[in-house]
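# Reading the structure
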Amino acid sequence: MSGTRVLVVDDEPQILRALETTLRGAGYEVETAPDAATALTRAAAKPPEAVILDLVLPDRSGVEVCRELRTWLQAPVLVLSAVGEERDKVEALDAGADDYVTKPFGIDELLARLRAALRRAAAPGEPVLEIGELTIDLDKRVVQRDGDVVSLTPHEFALLRYLAQNEGRLLTHRSILRQVWGPSYQSESHYLHVYVSQLRRKIEPDPTRPRYLLTEAGAGYRLVSPSLS
Amino acid sequence: MQRADRLAPLTGSVAAVVLVTAAIFLLRGGVPVLSLGSLYVLAVLPVAIFWGRIWAVLVAVASMLAFNFFFLAPVYTFRLSERSNWLALGVYLATAIAVSELAARARRRAAEAEQREQEEALLGELSIALLQGESLVDELPRIGAATGSVIGVEGARIELGKAPTQGIELRAGARLVGTLVLPDDADLNRPAVRRFLPALASLLAVGLDREELERQARAAEGLRTSDAVKTAILRAVSHDLRSPLTAIRVAAESLTSSSLRLSDEDRMRQLETLRLETRRLDRLVSNLLDFSRLEAEAARPHAELVAVDELIGQALASVDADPVPIDVELPVEIPLVEVDSVQVERALVNVLANAQRFAPVGTPVHVAVSAGDTEVVLRVANAGPAIEPHELDLVFEPFVRLAGDDDRDGTGLGLAIARGFAEANGGRVWAESPPDGGATFALAFPIAHVPARAAR
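Values in this document were obtained by computation on a predicted structure and should not be read as measured data.

Criteria and cut-off values
Residues numbered from 1 in each chain as written. Chains lettered and ligands numbered in written order. Predicted model: local features only at pLDDT ≥ 70, side-chain atom pairs only at ≥ 80, totals over all residues. Heavy atoms only, no water. Buried < 20%, exposed > 50% of the residue type's maximum accessible area, 1.4 Å probe, protein only. Helix = DSSP H or I, 4+ residues; strand = E, 2+ residues; numbered from the N terminus. Pairing = 2+ DSSP bridges. Phe/Tyr/Trp six-rings, centres within 6.5 Å; stacked < 30°, edge-to-face > 60°. Lys NZ or Arg CZ within 6 Å of the ring centre and 35° of its normal. Salt bridge = Lys/Arg side-chain N within 4 Å of Asp/Glu carboxyl O.

It is worth spelling out the pairing of strand S3 (residues 50-54) of chain A at this point. Residues and elements named next belong to chain A. Burial of S3 is extensive: five of the five residues sit out of reach of the surface. Alternating residues of S3 divide into Ala 50, Ile 52 and Asp 54 and Val 51 and Leu 53, and every residue in both groups is buried. Two strands pair when backbone bridges link them, and strand S1 (residues 5-9) and S3 are joined in this way by four bridges, in the parallel orientation. Among the inter-strand pairings, Val 9 is bridged to a residue of S3, identified as Leu 53. Judged from the four bridges that link them, S3 and strand S4 (residues 77-81) form a sheet pairing that is parallel. Bridge pairing in S4 links Asp 54 to Leu 80.

What follows is the structure, encoded as structure tokens:
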């Protein structure tokens, strides 16, 4: 990861300074911005490979910055949120942010999320995905768990495929519904809960204690490899 | 009637008869004595006016007897020699009685008018008192006594609502407002009761309604402000405490992480962040504590005599002079004040820190002390943005951040705390926009005048 350019946007000078020093120590090349306007200018002048974005900025909200960045920047966006900002957090994820960490976060968590986001961004679209004991063949539409074929309905398969293609990434209810069922279903979250529970019964060793398909309360779902979590 | 009450009319009546008799005695040479009998009307009239009809009739009869006895032949007897004298005597008596009746009626009218005037004056006074916001409950004893005097009873009192004791109900329409409680042997002025009490009841009802509305409005206002304060404290805790915590956690973990490679300079930077952010947390916690203490009115000052320069010195020691220097200008005579030095220091520190935050880079904060006869004023000035006239008071409200205050260091509590502590110590704070620019915050405290022998 050495030399990967990260843009850190936060209105708190001390947080900015601590993050800049830490990320540099982890081998990243760091640029900072104290507000939305500076962030957008810096990103345009020298597109970063990842963005760490605070949701509360003096001039515009982090959600707006995220939405604007997404129109032309592919790089993953990691949102810094705080308790009490859950709605902003989900909005930012809907607007294209890749993940979030909640203040006050530890640096291990932050660095892990950042690495995962960068890895996803770098990974080419492979036809066969392997996540823990799950093997998902996207072309043949075949899913196996520990060598045994798991039979899925078309919607279950579409749901698993979207989650697996974004392994480790938090996907909001809205974005999953839009992707799997189509834009007119994006508020029908009960569909999603039903299908998630069906899918867990088929892929999880113990559906009551999910290890692959994790719930992020109030935000969405995340498919992870059990060995990593 | 009491014995004393009878003495005055009796004496007066006797005096009136004696006086008129004496006058006739003196006049009888020049005028026919029979026509002088009409002078007795002059005795009847004042008695009728002052003491009423009964006394007037008694005076009329006594006058005729005296006239007969002293002036009509045969004199010094009650017998009459001429028949025409009987007729004259009868006419005089009838005239005297008629006059006394008229006078007594006039007297009753006057008394009644006076009574009504008294009632109206009391109602007027009550309506002014109640509508000007005096507390009805506080006023009740006075209203009760005044009502008693209007209806001719001593020891009357008013109880709101349904009184347990017997009394006259005060009703405004169908609504029972209260009860007029009277002593058992009360001799009421019934017409006054009928006239006055309904008006009093309506007035009390209006007063009660007004108080109820006011109470509701106050309660709603209280709820609204306490809600706003809670929301603001939550926001302060959620954002203002978490930001330094985040910086501290990131800096501290980076210093102990084995996976990071930090240069010595980077380590110093992280340590500096730790130092600054822990100080900031400390300030925030102190401010939140001070504020909740002031809100709970638990900040009781322990006043002691202290010199103003000492207060300033203490405050300067608690303020970072690093980024923005503070210069102080003291008068030759340093006044003493009697305040809680810890609380006033907190007030000063917050005003100083606020002035530093808004001082443009490279400009100092200037503190000037001026002593008047009764007050010492500490002015803390900076060259920062002027405060709009309508915002001069607003800045002392908790959680108010003016436009352009994008500073993250404040909880929006500093100036509210300064005001709270200053006022708790008998002082005042205010903001000024000097004509030559910048912003000035002033704190004033009464000068403590020490008796000569107590002074060193």
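Moving on, we come to the packing of aromatic side chains. All chains considered together, the criterion is met by 13 aromatic pairs over all chains. Plain terms: the ring middles of Tyr40(B) and Phe67(B) are 6.0 Å apart, the flat faces sit at 70 degrees to each other, and that makes the pair edge-to-face. On the criterion of sequence distance, the pair formed by Tyr40(B) in the loop between helix H2 (33-36) and helix H3 (41-51) and Phe67(B) in helix H4 (residues 53-71) is long-range, its members being 27 residues apart. By relative accessible area, which is 1% here, Tyr40(B) ends up buried. The class for Phe67(B) is buried, based on a relative accessible area of 0%. Judged by centre distance (6.1 Å) and plane angle (70 degrees), the rings of Phe69(B) and Tyr76(B) are edge-to-face. According to the relative accessible area criterion, Phe69(B) is partly exposed, its value standing at 25%. Through successive ring pairs, a cluster of aromatic residues spans Phe25(B), Tyr40(B), Phe67(B), Phe69(B), Phe70(B), Phe71(B), Tyr76(B) and Phe78(B). Its guanidinium or amino end placed over the ring of Tyr100(A), Lys89(A) lies 4.1 Å from that ring's centre, counting from NZ or CZ. Above the ring of Phe25(B), the side-chain terminus of Arg28(B) is found at 3.9 Å from the ring centroid.

Looking now at the pattern of salt bridges. Close approach of charged atoms allows side chains with opposite charge to pair. Residue and element names in this part refer to chain B. Scanning the entire structure with this criterion turns up 36 salt bridges over all chains. The partner of Arg 249 in a salt bridge is Glu 253, and the shortest N-O contact between them spans 2.9 Å. Note that Arg 249 and Glu 253 are positioned in helix H7 (residues 190-256) at a spacing of four residues, about one turn of the helix. In this structure, Arg 419 and Glu 397 form a salt bridge, with 3.7 Å as the shortest nitrogen-oxygen distance. Of this pair, Arg 419 sits in helix H11 (residues 414-424) while Glu 397 sits in the loop between strand S8 (375-382) and H11, and the two are 22 residues apart along the sequence.

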